[in-house]
Amino acid sequence: MELDRVARIQAEWARERPDLDVTPQGVIGRLHRLAAVLTEQLAVVYRRHGLGEGEFDVLAALRRAGAPYERAPGELAQHTMVTTGAITKRIDRLERDGLVTRRPGRDDARRRVVALTEAGKQVIDQAFTEHMANERRLLDALDADDAGRLEQILTTWLARFEPPR
């Protein structure tokens, strides 16, 4: 039987360091490799729409906010996978491309908000539709029962590091 890359690495470590339990590499190593593959597969869709992963995430967070599709920069950081420090750079690029605008808040002129433009709404609606089809294609590599069990396991595991709010 052929060993995958992770199993080969585990076997080498088991040979060289038999004093260590290398079984965690079986899960962590495969998750790490799979995350890299999935990220690249997802990025194909983002690039087709002229976006990077961070820009897609910001536009999606604005679209999920509902009309009028706006959030304060700090809120964007809380509703995306992008760090606070990276938000400004993403917003700058999206504003330059005409996909978002910055303006004073409706209730407080001192508060700044970032809002989707009509062009930004069209881009994210098209990109998200294609993104969901792409995610379906990727997940269809598993049968429905395995996908459901995997989601439960990952939800439980992630909650140990990021407790649900």
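Residues numbered from 1 in each chain as written. Predicted model: local features only at pLDDT ≥ 70, side-chain atom pairs only at ≥ 80, totals over all residues. Heavy atoms only, no water.

> Pulling in residues and values, what's your account of the nonpolar core?
Counting 26 residues, the largest nonpolar core has Leu-51, Leu-59, Leu-76 and Val-100 as its most contacted members. Of all the secondary-structure elements, those providing two or more residues to this core are helix 2 (24–48), helix 3 (53–64), helix 4 (73–78), helix 5 (84–96), strand 3 (112–116) and helix 6 (118–139). In terms of residue count, the dominant contributor to this core is helix 3 (six residues). Ignoring sequence-local partners within four residues, the contact set of Leu-59 consists of Leu-51, Leu-94, Leu-99, Val-100, Leu-116, Val-123 and Ile-124. (Core = buried A, V, L, I, M, F, W, Y, C linked by side-chain atoms within 4.5 Å. Buried < 20%, exposed > 50% of the residue type's maximum accessible area, 1.4 Å probe, protein only. Helix = DSSP H or I, 4+ residues; strand = E, 2+ residues; numbered from the N terminus. Contact = heavy atoms within 4.5 Å.)

> How would you sum up the sheet that holds strand 1 (residues 70–71)? Please name residues and give values.
Ordered in space as 1-3-2, the three strands form an open sheet in which the pairing is antiparallel. A strand with exactly one partner marks an edge of an open sheet, and here the two such strands are strand 1 and strand 2 (100–104). In the sheet, strand 1 pairs with strand 3 via two bridges, with the strands oriented antiparallel. Note that in strand 3 the partner of Glu-70 across the bridge is Ala-115. Running at roughly 95° to strand 3, helix 3 makes contact with strand 1, strand 2 and strand 3 of the sheet. (Pairing = 2+ DSSP bridges. Axes fitted to C-alpha atoms, helices over the stretch in contact; angles between N-to-C directions.)

> Could you give me a rundown of helix 7 (residues 144–161), with the residues and numbers involved?
The end-to-end C-alpha separation of helix 7 is 26 Å, in line with the 26 Å expected for 18 residues at 1.5 Å each. With a side-chain oxygen positioned 3.1 Å from the backbone nitrogen of Asp-145, the residue opening helix 7 is Asp-143. (Expected span 1.5 Å × (residues − 1). Polar contact = N/O pair within 3.5 Å; in protein donor to acceptor, adjacent residues only side chain to side chain.)

> Can you explain the side chain of Asp-57? Please cite residues and give values.
You can see Asp-57 is positioned in helix 3. Buried and unpaired, Asp-57 has no salt bridge, with Arg-64 as the nearest side chain of opposite charge at 4.7 Å. Residues within four places of Asp-57 in sequence aside, it is in contact with Thr-80, Met-81 and Val-82. (Lys, Arg positive; Asp, Glu negative; His and termini not counted. Salt bridge = Lys/Arg side-chain N within 4 Å of Asp/Glu carboxyl O.)

> Describe a nonpolar patch on the surface, and please don't skip the residues or the numbers.
A cluster of nonpolar side chains, Val-27, Ile-28, Leu-31, Leu-139, Leu-142, Leu-150, Leu-154, Trp-157, Leu-158 and Phe-161, forms an exposed patch at the surface whose accessible area comes to about 850 Å². Contributions of two or more residues to the nonpolar patch are made by helix 2 and helix 7. Looking at which element gives the most residues to the nonpolar patch, the answer is helix 7, with five residues. Looking at the secondary structure, you find Phe-161 in helix 7. (Patch = residues over 30% accessible without salt bridge, like charges linked within 9 Å, V, L, I, M, F, W, Y side chains within 5 Å. Areas by Shrake-Rupley, 256 points an atom, 1.4 Å probe, with all protein chains shown as cover.)

> Explain helix 5 to me, using residue names and the numbers behind them.
The end-to-end C-alpha separation of helix 5 is 19 Å, in line with the 18 Å expected for 13 residues at 1.5 Å each. Restricting attention to buried positions, one finds in helix 5 the residues Ala-86, Ile-87, Arg-90, Ile-91 and Leu-94. Viewed end-on, helix 5 has its buried residues packed into an arc of 140°, placing them on one side of the element. In helix 5, the exposed positions that point more than 90 degrees away from the buried face belong to Gly-85, Lys-89 and Arg-96. (Arc of directions from axis to C-beta.)

> So, the side chain of Glu-70: which residues are in play, and what are the values?
Within the secondary structure layout, Glu-70 lies in strand 1. If we skip the residues at most four places from it in the chain, Glu-70 touches Leu-62, Ala-65, Arg-103, Arg-106, Val-113, Val-114 and Ala-115.

> Describe unusual backbone geometry, with residues and values.
Note that the residue after Ala-67, namely Pro-68, is joined by a cis bond; omega there is 10°. The phi angle at Tyr-69 is positive, at roughly 60°, despite the residue not being glycine.

> Can you lay out the packing of helix 3 against helix 6 for me, pointing to particular residues and giving the numbers?
Their axes nearest at 10 Å, the elements helix 3 and helix 6 cross at an angle of 105°. With respect to each other, helix 3 and helix 6 are oriented roughly perpendicular. Side by side, helix 3 and helix 6 meet where Phe-56, Leu-59, Ala-60 and Arg-63 of the first sit next to Lys-121, Val-123, Ile-124, Asp-125, Ala-127, Phe-128 and His-131 of the second. Residue composition of the contact of helix 3 with helix 6, by class: seven nonpolar, one polar and three charged. (Parallel < 35°, antiparallel > 145°, perpendicular 65-115°, else oblique. Nonpolar A, V, L, I, M, F, W, Y, C, P; charged D, E, K, R; others polar.)

> So what's going on with the packing of helix 2 against helix 6? Which residues, and what values?
Interhelical geometry of helix 2 versus helix 6 gives an angle of 155° and a closest axis separation of 9 Å. With respect to each other, helix 2 and helix 6 are oriented roughly antiparallel. Crossing angle aside, the handedness with which helix 2 passes helix 6 is right-handed. Together, Leu-38, Gln-41, Leu-42, Val-45, Tyr-46 and Arg-48 of helix 2 and Ala-127, Glu-130, His-131, Asn-134, Glu-135, Arg-137 and Leu-138 of helix 6 make up the contact between the two elements. (Left-handed = near helix turned anticlockwise from the far one by under 90°.)

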